[in-house]
Amino acid sequence: MSRMSAAIKHLSVDHQAVVRLTALGHSCSEIAEIVGCPRNTVKTRMFHARLRLRKILGLTVGSQTKEQRDHV
Amino acid sequence: MSDDRVSGFDHHRAHALLPWWINGTLDADERSFVEQHLHGCALCQDESELIRGMNEADVPHLETRADVNAALTRVFERIDQEIPDQSVSRPARGSNVSWLSVAAAALLGFGALLFLRQAPEVPLSTGEYSVLTSSSPSTNALQLEVQFNSSAASLVGFVHVESKFAEQGSITAWEKLGDMTYRYTLSASVSPLAVSRVLEQLSVSDSVSKAALVVE
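Residue positions are given per chain, counting from 1 as you read along its sequence in written order. Labels follow written order: the first chain is A, the first ligand is 1, and so on. Local features are withheld for residues below a pLDDT of 70 in this predicted model, meaning they are given only at 70 or higher, and side-chain atom pairs are given and counted only at 80 or more; totals for whole chains, interfaces and linings count all residues. Computation of side-chain values covers all heavy atoms of the structure but excludes hydrogens and water.

1. Thoughts on the overall build of chain A
Next up, step 1: Every helix listed is a DSSP run of H or I at least four residues long, and every strand listed is a run of E at least two residues long, numbered separately from the N terminus. When helices and strands are tallied, chain A shows five helices and zero strands.
Next up, step 2: The N-to-C order of helical and strand elements in chain A reads α-α-α-α-α.
Next up, step 3: A burial count over chain A gives 44% of its 72 residues as buried.
Next up, step 4: The contact definition used throughout considers only heavy atoms, calling two residues in contact when any of these lie within 4.5 Å. Excluding contacts between residues fewer than 6 apart, the proportion of contacts in chain A whose partners are at least 24 apart in sequence is 46%.
Next up, step 5: As displayed, chain A offers around 3,600 Å² of accessible surface, 53% of which is attributable to carbon and sulfur atoms. Relative accessibility under 20% of the residue-type maximum defines a buried residue, over 50% an exposed one, and the middle range a partly exposed one, all with a 1.4 Å probe and only protein chains included. With residues, only the protein chains shown are counted as cover, and all accessible areas are computed by Shrake-Rupley using a 1.4 Å probe.

2. Some details on the nonpolar core
Next up, step 1: Only buried residues count toward a nonpolar core, which is a set of Ala, Val, Leu, Ile, Met, Phe, Trp, Tyr and Cys residues joined through side-chain atoms within 4.5 Å. Counting 33 residues, the largest nonpolar core has Met4(A), Val42(A), Val34(B) and Met54(B) as its most contacted members.
Next up, step 2: Within the residue set of this core, elements represented by two or more residues are helix H1 (3–8), helix H2 (13–23), helix H3 (28–35) and helix H4 (39–57) of chain A together with helix H1 (3–22), helix H2 (28–39) and helix H3 (42–56) of chain B.
Next up, step 3: Counting 13 residues, the second largest nonpolar core, distinct from the first, contains Leu186(B), Val190(B), Val195(B) and Leu213(B).

3. Observations regarding the confidence of the model for chain B
Residue and element names in this part refer to chain B.
Next up, step 1: The pLDDT value expresses, per residue, how confident the predictor is, ranging between 0 and 100. Put simply, chain B has an average pLDDT of 66, and 39% of its residues get 70 or more.
Next up, step 2: The lowest-confidence element of chain B is helix H6 (residues 126–132), averaging 31 in pLDDT; the highest-confidence one is H2, averaging 93.
Next up, step 3: Across residues 86–97 the pLDDT falls below 50, and counting only partners more than four positions away or on other chains, this stretch makes three contacts in the model.
Next up, step 4: Taken together, the stretch residues 118–139 has pLDDT below 50 and engages in 33 contacts with residues farther than four places along the chain or on a different chain.

4. Side note on the packing of aromatic side chains
One pair of aromatic rings is described through two measures. These are the centre distance and the angle between the planes.
Next up, step 1: Pairs were defined over the aromatic rings of Phe, Tyr and Trp, the Trp ring being its six-membered one, requiring ring centres within 6.5 Å. Orientation was assigned from the angle between planes: stacked under 30 degrees, edge-to-face over 60, tilted for the rest. Per the stated rule, a full pass over the model turns up zero aromatic pairs over all chains.
Next up, step 2: Note on criteria: charge over ring means Lys NZ or Arg CZ within 6 Å of the ring centre, with the direction from the centre no more than 35 degrees off the ring normal. In this structure, Arg13(B) is placed above the aromatic ring of Phe33(B), and the distance from its NZ or CZ to the ring centre is 4.2 Å.

Printed below as a string of structure tokens:
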């Protein structure tokens, strides 16, 4: 399993749900309907999920090298 | 409004929309907006790489995520931590308050059971009520059947059920009864009260159309 996969499993349930449903190809509105929250909440959860993943993976914003991306 | 504030607003808006630009579900206006912004924003380009990595991550299907051994280990650790605390003598008033809290929670859970149970599967008797208020674990394995509203909802719901029982007990086995219906077999150490609390939480979720406790 890649580092990214392992990192995703460390996210909270709410954050994982948004990340996984997005990866499955659901729109923001569809995810809002599925998880029962406003569209903006979906965006907020996705935002915090990305921040958390960066922290877990040790990536700072804008500093991701190609090697790091490939490794992840 | 200054140009900086306008561009800052645009950046935040585009940044928030990136995951759905990448999965191709934005409408034409939003897609055009994000693409225009991406052209000149290195931060969003970098973020796009992260999101692509998230989407391509080889995360096992949720149905394979139930790690029973890990859940059991967590439960036993919590039991070990909590039992000594409960055995420490407390002031009489504190004990009364604690007992009342448990009784109130039991009544709440009992109400949830009444609301959610499938009649032939959960005969609510006086004896069962006494189990709800008992601190000793049930000797019978419990089964929880959950029917979700849609396949997508079941995806989210499965994570929720798994998470709840990771906190409160353990799933020893699960079975997919249909596209959207699952049956979870719970460890004998899980009390009906803990299950009723999870049922109560599921009942307020729009993702679940039916949830029932089965006592064999």
